[in-house]
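This is what each chain is made of:
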Amino acid sequence: MASGRREFLKTAAGAAALGLGAGAGSFLGAQALARSSAGQPAAGGGKRYALAVDTKKCAEREGCRACIDACHVTHNVPRIENREEEVKWVWKEEVQWVFQDRVHEYSGEELRRRPVLLLCNHCDNPPCVRVCPTQATFKSADGPVMMDPHRCIGCRYCVVGCPYGARSFNWKDPKPYIEHVDPAYPPRARGVVEKCTMCSERLARGLEPACVEACTRSGAGALLFGDMNEPESEIRKRVESSLALRRKEHLGTRPQVYYTL
Amino acid sequence: MLEKALKGSGKYWGLMCFLALLIGVGLGCYLWQFRVGLQITGLSRDVPWGFYISQFTFLVGVAASAVILVLPYYLHDFKAFGRIVVLGEFLAISAVIMCMLFVFVDMGQPMRVLNVMLHPTPQSVMFWDVMVLSGYLLLNVVISRVTFGAEVRGVAPPAWIKPIIVLSIPWAVSIHTVTAFLYSGLGARPFWLTAILAPRFLASAFASGPSLLILLCLLLKRFTRFDAGSKAIQKLGVIVVYALLVNIFFVGVELFTALYSDIPEHKHHFQYLFLGLEGKTTMVPWMWFSQIVGLLAVLFLLNPKVRENERFLALGCLGVVVAIWIEKGLGMVVGGFVPSTQGSLMEYWPTAPEVAIGLGVYGIGFLVLTVLYKVALGERELEEA
């Protein structure tokens, strides 16, 4: 995480020094990359972490919350019951809402109502990073879209810019809503945005994300984590050989969470 | 110069006390919000921007509309605006101050707001909006101070101010364009993802801003010895009518594109605003009221005979301000969030403390405006005496 942040700051300082040109360059550059990589994996020799969700396997375990609980306990995510103010990093929604553009009037009831696991997509072209006025949210070299809650001014432009509803704002102090605060991970203050970070703190220690670990341990085996830049990785092979969907593909955000229905 | 604001009639002090009361109540509510967070507002996960940001958007338009006086007066030597051009600049100053305060009260971590300057981020439109708004405030402070100072001393303004005045014209257009880009550059929000948003913002600004200015001039005429002159007011009236017609046309163009194409993600937002979706109808009466009042105002004001009657003109201008305030200060922002990116329908309505904080900000803006107008009028009376 620290090295990613440093890398990021270097790039940002360069961009700031170049002023407007750099700003325009970055989003035009991103488009060029989108075009060049349409049929190819992302460039660069480093890692590109991604997640694949097998929605059928996930749905077989009705009411299972193993991944959600693991994530929320690990990261001190508050449990706020009212929908207006809730904070969530990982959650489930029905296929008919998640893939509005893929279902139609003849889609079967089971499919339409099948719960899908949702989290930050860690897009390769993240709109939240583009709009953030302070670089409090930024892209790390190996993929995860990160959040610096100490720099965030709470303007919520990233919440507005995210097409996936993956970002939560702390409308109030979250601490009273955390059952046991785990001192290993800092809880957030009120007035800042938070979201899934792909467990960058665990990745740095060579561990898989907490949700993936919990899913595997529960026996469901619906979540697969790996490096898309590694041609022999299991996730890369699955994404290559099956129709793995990404949410709102047409927006050009290039999500790195893949779904098989 | 500023000492002119310290002497005034009972009515003047009555107004000041009223504004101070608004500010006091707003400040109290803000301190509460500062302690417990934005939970005291009606904002939510699905509607993260509401009353504050929509007031900001509306007021950027009011600020930009000063150009409607500056351009004819300085570039086309339209003398009739000579007496009121400084009033337009003062209105712009107070509007930009309100804009900044509305953004400030919307922040979850207001003490960190300067991070925007500390970590400049050219790829963020919000960074540019902060830049152009601060620049516009500075321009108007410098221009009004230099030109009005020269007028008071009875000399011509220095030559160096002319290029700065010319610069302020495209700058005024830029503040509302950049503000529209805050919204129209987001793939996540199909309601705002339209190239007409910036032109529409400008059209509605050039209708509502001059309307407000006409109302202020008519109030000054009634309660002070200042008369803007009927030629200036009538010319502003014509500008209001044209701008409003263009705005109505732009709204129609948007409605056609969304409804005729019949693409659900574009259509749903208009359906929500004008018909309601699945029984969620909070915005419906407001939107119809806004559109009907806007249409009636334009039909009313189109007739030159009606415009010449200052009572009717005031009524029409009030209609324009109300119509655009609802359209831009409520429907435009909230409509973009319902339905949400995930198709859910969570409605929004501001809470009482949220409105009180907003009225407090308006109180500060109108206090600044009152002081500035008092100074301007006081100095003018001295000149004439």
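The sections below set out a description of the structure shown in this document. All figures in this text were calculated on a predicted structure; none of them were measured in a lab. (Residues numbered from 1 in each chain as written. Chains lettered and ligands numbered in written order. Predicted model: local features only at pLDDT ≥ 70, side-chain atom pairs only at ≥ 80, totals over all residues. Heavy atoms only, no water.)

Moving on, we get to the interface of chain B and chain A. Contacts between chain B and chain A engage 45 residues on the former and 52 residues on the latter. In total, chain B and chain A occlude about 3,900 Å² of area from one another, counting both sides; carbon and sulfur atoms represent 52% of this. When the buried surface of chain B facing chain A is broken down by residue, Arg45(B), Gln123(B) and Gln342(B) rank first, second and third, together holding 22% of it. Seen at the junction of chain B and chain A, the total is one salt bridge. Summed over the shared surface of chain B and chain A, the result is 31 residue pairs in polar contact (both at pLDDT 80 or more). (Contact = heavy atoms within 4.5 Å. Buried area = accessible area lost by both parts, 1.4 Å probe. Salt bridge = Lys/Arg side-chain N within 4 Å of Asp/Glu carboxyl O. Polar contact = N/O pair within 3.5 Å; in protein donor to acceptor, adjacent residues only side chain to side chain.)

Let us now look at the pairing of strand β1 (residues 49–54) of chain A. Residues and elements named next belong to chain A. β1 sits mainly inside the fold: six of its six residues count as buried. Burial of the side chains of β1 extends over both faces: Tyr 49, Leu 51 and Val 53 are buried on one face and Ala 50, Ala 52 and Asp 54 on the other. Relative to strand β9 (residues 257–260), β1 is paired through four bridges, and the arrangement is parallel. From the neighbouring strand, Val 53 faces β9, where its bridge partner is Tyr 259. (Buried < 20%, exposed > 50% of the residue type's maximum accessible area, 1.4 Å probe, protein only. Helix = DSSP H or I, 4+ residues; strand = E, 2+ residues; numbered from the N terminus. Pairing = 2+ DSSP bridges.)

What follows concerns helix α10 (residues 210–218) of chain A. Residues and elements named next belong to chain A. The set of residues buried in α10 consists of Ala 210, Cys 211, Val 212, Ala 214 and Cys 215. Elements that come into contact with the buried residues of α10 comprise β1, α4 (66–74), α9 (200–203) and β8 (223–227). Just downstream of α10 lies Gly 219, where phi reads positive at about 95°.

A few words on the sheet that holds β9(A). Residue and element names in this part refer to chain A. The three strands lie next to each other as β8-β1-β9, forming an open sheet whose pairing is mixed. Each end of this open sheet is capped by a strand with a single partner; those strands are β8 and β9. Within the sheet, the average angular offset between the axes of one strand and its neighbour, ignoring direction, is 20°. (Axes fitted to C-alpha atoms, helices over the stretch in contact; angles between N-to-C directions.)

Our focus in this paragraph is the pattern of salt bridges. All names here are of chain A. This structure, assessed with the given rule, holds 26 salt bridges over all chains. The closest approach of N and O atoms between Glu 240 and Arg 236, which form a salt bridge, is 2.9 Å. Remark: Arg 236 and Glu 240 occur in helix α11 (residues 234–241); sequence separation between them is four residues, near one turn of the helix. Accessibility expressed as a relative area gives 53% for Glu 240, which makes it exposed.

Further remarks concern the packing of helix α2 (residues 51–64) of chain B against helix α14 (residues 352–384) of chain B. Between two packed helices, what matters for the description is the angle formed by their axes and the separation of those axes. Residues and elements named next belong to chain B. The geometry of α2 relative to α14 is characterised by a closest axis approach of 10 Å and an angle of 25° between their N-to-C directions. Considered as vectors, α2 and α14 are oriented roughly parallel to each other. Considering the relative orientation of α2 and α14, their crossing is right-handed. Contacts from Phe 51, Tyr 52, Gln 55, Phe 58 and Leu 59 of α2 reach α14 at Glu 354, Val 355, Ile 357, Gly 358 and Tyr 362. (Parallel < 35°, antiparallel > 145°, perpendicular 65-115°, else oblique. Left-handed = near helix turned anticlockwise from the far one by under 90°.)

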